[in-house]
Amino acid sequence: MRQQRFYGLLLAAALLPGFGCSDSTQEEDPRVIETPNNVNNANNQNNANNVNNANNANNVNNQNNVEPMLPSAGIDLIVDSNRDGVLDLAGDLDQIGEEAWSADSGAIFLPNIDDDDESCSLNLDALEAADCFDGADEVLDGPLDVEDLAPLVLRSINAAEASEALLTITKGAEHIRLFDPETLEQVSMPYSVTAEQLAGGVNLLVEGKDVARSTGWDGIVELTAELQWAEAPDNAELVDVVQMRVAPLLLRHHLDPATYVFSSELGVGGDGAFTNDLVAATNASGIANGHLELPVQDQWAQDYLETGYVAMPKEGGIHTIDVFIRSSNIEVDRFGRGYLREAGSVVYQLKGEDRAAMFAIDTDDHSLEWDTLNSFGNTETIPPHSYNGESYPVGRIIRGEAFGDRGDGGMRGLFEAQRIQNPLWVSTGWLLVGHIDETISFVPANNARGWVMLVNDARLATEILATANNNNGGGLTMFQDKAWIDFRGREVSAAVSLNEALNDPDIMSANAEAIVEVDDQVLSIKQATGLTDDEIVPVPFMHQDYNGSSTAYQPGMVNGLVPNASEFWAPDPHGPVVNGVDTMKAAFEERLAPFNIQIRWIEDWDMFHRLNGEVHCGSNVLRQHPTTGWWEDAQ
């Protein structure tokens, strides 16, 4: 039933009209929980490789086997400092650098934010659902929950039989809990350990209560063990300190292949053409788990949720929790009352085993005037890069800002607190919707960098249309058989001659502004990443003015979805057709051909383009787990 809950989220929905890319109880079988004895057995088996048999801990007391980093006598705390997923009880692999977390060494623990036993009811309201996850309670929720915790061992070495120890959390105590893996019970801190327990070695599990939420906590916790040995020799180590870091919340980038494709369930009156094309592209591309319609009546699937992950080392690989992040949008009704964007609550329906939901907002640092900045179409990730002494091995967040406004303070603080993908800000306030995905995208490429940047280019669009028009006697039209919606809600023909479009002062003025603004965006990104001109792909894109702001006149082809390393799903531009070929399509395909990228065209005019959004705005993806850990090049 777990898969049915995740894959089968289908509710009857009627279409709610939206504006712009940003604005606008299911029963299941009970899950069988193992009895405590079975839980302990499973845990002991799991810990056999990671922690080794605690009863064998005293074997390391044999001086012939003691490595130089181990104390000859005293107390020893062991965590996975070398990040290989295994505790080294016999040697010193986990002794080096254990006391101060750094880029090179230091253990990692997960924030236990998923819902492994799926105990969080779908009937909870939004605030209750946000507070329901495994790390929010004081207990472990079965064997799956144990897998989300990091191991720790406390032992004595060549100490007197009467010696005891005290384990304390000397930094970040409010952010973790410790559990006994045998009883699955929480350990009270400070934790007193008897000599008998020390002689056999004490196994513990570290649970993170949450991710770092603000720059007030750097994600580091410190544990200190003190041996109470009255007649200890001078060379005895009576105190041992280890530091651990909570795994940061990381956003995905386009170099990782998609495993799911999401869109909203548009319901009666929805755009069948868009959904049909999206499903067809998903099937043709062999996306592992196919297409999923989210049961919401908000068509802007890119905007109300974002996907990320947290990860820590495990034996033989990486243990990952997928994270669905709810946007911090506030919708205002006609009475001036504000409430959270309703569609975002779907993230709580996506929670489950190794799947988490997250939310952050600061209503005291939130501008309703620029609430659009909080939609996730305004949050993208520059793929991995290093430049000018700065390294972003798992990519860097890029977001748009408007006249100094950078969106909700809670979400902004959440991203900044992770310290790994520190956001780059570029100006998007000149755009009607204000999202970075309107002008910039990143696609994998067969070049030295491994990716290129697609850039909205009004110059190129004007050149292509003017050339086509001149070569064909001025008789070409575009947007054939398409319709705009006028201020009264009526459809009016969108078909327009190239002569008319190229001589429209409002369109040409909007294009001129876009050229200046996009050039400024590109300069900021080049200065931050070291991108060169041959790593930037211009995408033809015509603009128009809407009440003093800029929006797409033609379907904005840069605003597409990246499913894998060889495809880009773009909106059909409905450009002028010459000899059966859409000149705008041909121009874009020609520019991506050197990078072996095939374009799949998606029809999005009715439901998205004429409401100021495109394919990327109306879709979302969950991506494949990384095969290398963020800590391998940690900052």
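Position numbers for residues start from 1 in each chain and track the written sequence from start to end. Totals for whole chains, interfaces and linings use every residue, but because this is a predicted model, local features are given only for residues with pLDDT of at least 70 and side-chain atom pairs only at 80 or more, for both listing and counting. Side-chain numbers come from the whole structure's heavy atoms, not from hydrogens or water.

**What to know about the packing of helix H8 (residues 458-471) against helix H11 (residues 583-592)**
Structural elements are reduced to axes, namely lines fitted to C-alpha atoms, with helices fitted over the stretch in contact, and the angle between N-to-C directions of any two is expressed from 0 to 180 degrees. Numbering of helices and strands runs from the N terminus; a helix is a DSSP stretch of H or I covering at least four residues, while a strand is a stretch of E covering at least two. Across the interface, H8 lies against H11 with an axial gap of 10 Å and an inter-helix angle of 130°. Our classification of the angle between H8 and H11 gives oblique. You can see that H8 and H11 cross each other, and the crossing is right-handed. Taking contact as the criterion, the partners of Leu460, Ala461, Ile464, Leu465 and Ala468 in H8 are, on H11, Thr583, Met584, Ala587 and Arg591. Counted by class, the contact of H8 with H11 contains seven nonpolar, one polar and one charged residues. Angles below 35 degrees are treated as roughly parallel, those above 145 as roughly antiparallel, those between 65 and 115 as roughly perpendicular, and all remaining angles as oblique. A clockwise turn of the near helix away from the far one marks a right-handed crossing, whereas an anticlockwise turn of less than a right angle marks a left-handed crossing. What makes two residues a contact is simply this: any of their non-hydrogen atoms within 4.5 Å. Each residue gets one label: Ala, Val, Leu, Ile, Met, Phe, Trp, Tyr, Cys and Pro are nonpolar, Asp, Glu, Lys and Arg are charged, and the others, such as Gly, are polar.

**Some details on the pattern of salt bridges**
When their charged atoms lie close together, side chains carrying opposite charge are able to pair. By definition here, a salt bridge exists when the distance from a side-chain nitrogen of Lys or Arg to a carboxyl oxygen of Asp or Glu is within 4 Å. Per the stated rule, a full pass over the model turns up 20 salt bridges. With a shortest N-O distance of 3.9 Å, Glu118 and Arg355 are connected by a salt bridge. With a gap of 237 residues between them, Glu118 in the loop between strand S2 (107-109) and helix H3 (126-130) and Arg355 in strand S17 (residues 355-358) connect regions that are remote in the sequence. Neither Glu118 nor Arg355 differs from the other in exposure class; each is buried. With a shortest N-O distance of 2.8 Å, Asp298 and Arg341 are connected by a salt bridge. Remark: Arg341 occurs in the loop between strand S16 (338-340) and S17 and Asp298 occurs in the loop between strand S12 (291-294) and strand S13 (305-314); sequence separation between them is 43 residues. Relative accessible area serves as the criterion here: at 9%, Asp298 is assigned to the buried category. On the accessibility criterion, Arg341 (0% relative accessible area) is buried. Throughout, exposure labels follow a simple rule: accessible area from a 1.4 Å probe, protein chains only, divided by the maximum for the residue type, with under 20% read as buried, over 50% as exposed, and the rest as partly exposed.

**Topic: the sheet that holds strand S11 (residues 258-264)**
In this analysis, strands are considered paired if DSSP registers two or more bridges between them. The strand order across the open sheet formed by three strands is S12-S11-S37, and the pairing between neighbours is mixed. The open sheet is flanked by S12 and strand S37 (620-623), the only strands paired with a single partner. Adjacent strand axes in the sheet meet at a mean angle of 30° when their direction is disregarded. Pairing geometry for S11 and S37, over four bridges, is antiparallel. By the bridge assignment, Ala258 is partnered in S37 with Arg623.

**Comments concerning the sheet that holds strand S5 (residues 176-179)**
Strand pairs in the sheet, formed through backbone hydrogen bonds, run parallel or antiparallel to each other. Strand order across the open sheet formed by four strands is S1-S3-S7-S5, with antiparallel pairing between neighbours. One side of each edge strand has no neighbouring strand; the edge strands of this open sheet are strand S1 (74-78) and S5. Across the sheet, the mean angle separating the axes of adjacent strands is 25° when strand polarity is ignored. The pairing of S5 with strand S7 (residues 202-208) spans four bridges and is classified as antiparallel. If you follow Arg177 over to S7, its bridge partner there is Glu207.

**Digging into the packing of aromatic side chains**
A pair of Phe, Tyr and Trp rings is counted when the ring centres sit within 6.5 Å of each other, with Trp represented by its six-membered ring. The angle between the planes then sorts it: under 30 degrees is stacked, over 60 is edge-to-face, the rest tilted. Applying the stated criterion across every chain, the model contains 15 aromatic pairs. When the ring of Phe568 is compared with that of Phe588, the centres are 5.9 Å apart and the planes differ by 80°; the resulting orientation is edge-to-face. With Phe568 in strand S33 (residues 567-571) and Phe588 in helix H11, this residue pair connects regions lying 20 residues apart in the sequence. Grouping residues by exposure puts Phe568 and Phe588 together as buried. Criterion for a charge above a ring: Arg CZ or Lys NZ at most 6 Å from the ring centre, at most 35 degrees from the ring normal. Lying over the aromatic face of Trp101, Arg83 brings its terminal NZ or CZ to 4.4 Å of the ring centre. Positioned over the ring face of Trp101 is Arg245, at 5.2 Å from the centre of the ring.

**A look at H8**
To estimate how far a helix should extend, the number of its residues minus one is multiplied by 1.5 Å. For H8, built from 14 residues, the straight-helix expectation of 20 Å at 1.5 Å per residue is met to within 8% by its first-to-last C-alpha distance of 20 Å. Regarding H8, the residues found buried are Ala458, Leu460, Ala461, Ile464, Leu465, Ala468 and Asn469. Buried residues along H8 cover an arc of 165° about the axis, so they all sit on one side. Seen from the open side of H8, the exposed residues pointing more than 90 degrees away from its buried face are Asn470 and Asn471. We call two N or O atoms a polar contact when they sit within 3.5 Å, provided that within protein one can donate a hydrogen and the other can accept it, with sequence-adjacent residues counted only if both atoms are side-chain atoms. Between a side-chain oxygen at the N-terminus of H8 and the backbone nitrogen of Arg459 the separation is 2.9 Å; the capping residue is Asp457. Gly473 sits one or two residues past H8 and shows a positive phi near 70°. Working definition: the arc comes from the directions between the helix axis and the C-beta atoms, pointing outward to the latter.

**What to know about the nonpolar core**
Within soluble globular proteins, side chains that are nonpolar generally end up buried alongside one another. Buried Ala, Val, Leu, Ile, Met, Phe, Trp, Tyr and Cys residues that are joined via side-chain atoms within 4.5 Å together make up what is termed a nonpolar core. Core analysis: the largest hydrophobic core is formed by 64 residues, its most contacted members being Leu154, Leu167, Leu178, Leu223, Met244 and Trp630. Here this core gets five residues from one element, more than from any other, and that element is strand S8 (residues 220-228). Apart from the residues lying within four places of it in its own chain, the contact partners of Leu154 are Ile75, Asp76, Leu77, Leu167, Val193, Leu198, Gly201, Val202 and Ala225. By size, the runner-up hydrophobic cluster in this structure holds 40 residues, among which are Val443, Val562, Val578 and Phe588.

**Examining the environment of Asp606**
Here Asp606 is to be found in the loop between strand S36 (598-602) and S37. In this structure Asp606 comes out as partly exposed when scored by relative accessible area, which is 38%.

**What to know about the environment of Thr462**
Mapped onto the elements, Thr462 comes out in helix H8. The spatial distance from the C-alpha of Thr462 to the C-alpha of Ala501 is 9.6 Å, given a sequence separation of 39 residues. Polar side-chain contacts of Thr462 include one of 2.9 Å to the backbone oxygen of Ala458.

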